[in-house]
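Commentary on secondary and tertiary structure
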Amino acid sequence: MKLFALNRSATFGELVAKQLGVQLSAHEEREFEDGEHKSRPLENVRNQEVFVLHSLYSDPVQSVNDKLCRLLFFIGALKDAAAKKVTAIIPFLCYARKDRKTKARDPVTTRYVARVLEACGADAVVTMDVHNLQAFQNAFTIPTENLEARKLFADHLTPFLTNEEAVIMSPDFGGVKRAEQLLQTLEKQLKRELPMVLMEKYRSSGMVWGERIAGDVKDKIVVIVDDLISTGGTIARAAAACKKSGAKKVVALATHGMFTGNTDDTLGEEALQQIITTNTIPPFRLEHTRVIEKVTTLNAAPLFAEAIKRLYEGGSIVELLED
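Report on the accompanying structure. (Residues numbered from 1 in each chain as written. Predicted model: local features only at pLDDT ≥ 70, side-chain atom pairs only at ≥ 80, totals over all residues. Heavy atoms only, no water.)

Helix and strand content of the protein: 10 helices and 16 strands. Computed over the C-alpha atoms, the radius of gyration of the protein is 20 Å, within 12% of the 20 Å expected from 2.2 N^0.38 for a compact globule of 323 residues. C-alpha extents for the protein along the principal axes are approximately 60 × 40 × 40 Å. A total of 323 residues make up the protein; the buried ones form 53% of that total. When contacts within the protein are restricted to residue pairs at least 6 apart in sequence, long-range pairs at least 24 apart make up 66% of them. Taken as a whole, the protein presents about 15,500 Å² of accessible surface, with 48% of it coming from carbon and sulfur. Computed over 42 positive and 43 negative side-chain charges, the separation of the two mean positions in the protein equals 3 Å. (Helix = DSSP H or I, 4+ residues; strand = E, 2+ residues; numbered from the N terminus. Rg over C-alpha atoms; globule rule 2.2 N^0.38 Å. Buried < 20%, exposed > 50% of the residue type's maximum accessible area, 1.4 Å probe, protein only. Contact = heavy atoms within 4.5 Å. Areas by Shrake-Rupley, 256 points an atom, 1.4 Å probe, with all protein chains shown as cover. Lys, Arg positive; Asp, Glu negative; His and termini not counted. Charge placed at Lys NZ, Arg CZ, Asp CG, Glu CD.)

Okay, unusual backbone geometry next. Phi is positive for Arg-105, close to 65 degrees, though the residue is something other than glycine. Considering the arrangement of structural elements, one finds Arg-105 in the loop between strand 5 (85–89) and helix 3 (109–119). The exposure class assigned to Arg-105 is exposed, which follows from its relative accessible area of 77%. Look at Asp-129: it is not a glycine, yet its phi comes out positive at around 40 degrees. Along the chain, Asp-129 falls in the loop between strand 6 (124–128) and helix 4 (133–139).

Here we come to the side chain of Ser-55. Relative to the helices and strands, Ser-55 resides in the loop between strand 4 (49–53) and helix 2 (64–80). Given a relative accessible area of 4%, Ser-55 falls into the buried group. There is a polar contact of 2.9 Å between the side chain of Ser-55 and the backbone oxygen of Thr-280. Excluding residues that lie within four positions of it along the chain, Ser-55 makes contacts with Ser-9, Lys-67, Pro-91, Phe-92 and Thr-280. (Polar contact = N/O pair within 3.5 Å; in protein donor to acceptor, adjacent residues only side chain to side chain.)

Turning to the sheet that holds strand 12 (residues 213–214), a few remarks are in order. If you walk across this open sheet you meet the 7 strands as 12-9-8-13-14-15-16, and the pairing is mixed. In the strand order of this sheet, the two ends are held by strand 12 and strand 16 (295–298), each with one partner. Pairing between strand 9 (residues 196–199) and strand 12: 2 bridges, direction antiparallel. Each residue of the ladder has a partner; that of Leu-198, found in strand 12, is Ala-214. Together, strand 8 (166–170), strand 9, strand 12, strand 13 (221–229) and strand 14 (249–257) form the strand contacts of helix 7 (residues 233–244), whose direction differs from that of strand 13 by roughly 170 degrees. (Pairing = 2+ DSSP bridges. Axes fitted to C-alpha atoms, helices over the stretch in contact; angles between N-to-C directions.)

Within this structure, the stated rule accounts for 0 disulfides. In this structure Cys-69 is a free cysteine whose sulfur lies 8.4 Å from that of Cys-120, the closest cysteine sulfur available. The partly exposed category is assigned to Cys-120, whose relative accessible area is 26%. (Disulfide = S-S within 2.5 Å.)

Time to look at the nonpolar core. Ranked by internal contacts, the top residues of the largest apolar core, which has 43 residues, are Val-16, Leu-147, Leu-186, Val-223, Leu-253 and Phe-304. In this structure, Leu-56, Val-64, Val-86 and Val-125 belong to the second largest nonpolar core, which totals 30 residues. (Core = buried A, V, L, I, M, F, W, Y, C linked by side-chain atoms within 4.5 Å.)

The strand order across the open sheet formed by 5 strands is 1-4-5-6-7, and the pairing between neighbours is parallel. This sheet does not close on itself; its edge strands, each paired only once, are strand 1 (2–5) and strand 7 (144–147). On average, adjacent strands in this sheet sit at an angle of 20 degrees to one another, irrespective of strand direction.

With that settled, the discussion passes to the layout of surface pockets. Reported here for the second largest pocket is a volume of approximately 290 Å³. Lining the second largest pocket are 20 residues; nearest its centre among them are Phe-92, Cys-94, Tyr-95, Arg-97 and Met-258. Taken together, the residues of the lining of the second largest pocket sort by class into 12 nonpolar, 3 polar and 5 charged. (1 Å grid on protein atoms, 1.4 Å probe; cavity = no way out; pocket = protein on both sides within 12 Å on 5 of 7 lines; lining within 4 Å. Points joined across faces, edges and corners; volume = space filled by probe spheres on them. Nonpolar A, V, L, I, M, F, W, Y, C, P; charged D, E, K, R; others polar.)

Restricting attention to buried positions, one finds in helix 5 (residues 150–161) the residues Arg-150, Phe-153, Ala-154, Leu-157, Thr-158 and Leu-161. Down the axis of helix 5, the buried set is contained in an arc of 135 degrees. They therefore lie on one face. (Arc of directions from axis to C-beta.)

So this is what it looks like as structure tokens:
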């Protein structure tokens, strides 16, 4: 097996490689004085199945566009080196939120990212809790796999909810399916039924509003489920509404924690007691904030490692994701 991880994803790549019992394959990334760059594998990949891992989020060193460009060029270099099959392992897939036209002449950026990945030679794509699963699947003509963090979250939450009254909340209409899936997983582990509630949400021109809750949260632990925390406005709004309605405790789950903006102001309120994310995006923006004390980061590397193993050996991803 050849598993590459580009430099800015090396930490996560090492965790995945350790789970697989392999070493990351050697590669070179070289910077040029004018801002251009090149990358190439340093091992033979001819007629081999290759996996290349890169999580596409901005960090203090590289922008999301820079990371996407480097991934595309590296995939192209692998195909030029006669790799038989290249699977792009992208724990966080950029531009997945712009998946449809909401205003006149809007771009559908998810589809454009799919096209350039395919054009550079990607034969398959694996990501995790993509924003809109249907849009993701329809954007690609190559095989795609969407891993889910719900079992990670359920395993973490079950000991704390065993003797507690809890409800699962979707903070908007678009996240209902995601919340239902976590609810079903938790019900199997807790061996009892759990209610689900819904928060209204409206968005336009960067503004978000709506605070009505459909369902009862009084004296209950509310688990808010989302795919992504960016500024945290949606989660903060939902948490405040829950506390106003008498919730005992509010916990937020989000697979990808970006934490942009002033998180101490947005997520620092007492209404939100805990935030649980995965390491698809490390919480580097929280290093000098108070909010970091609320955050628990779960390790998604074992799930990616098992998915890679099954893809390599011809195993079932469906069975991997089943409860």
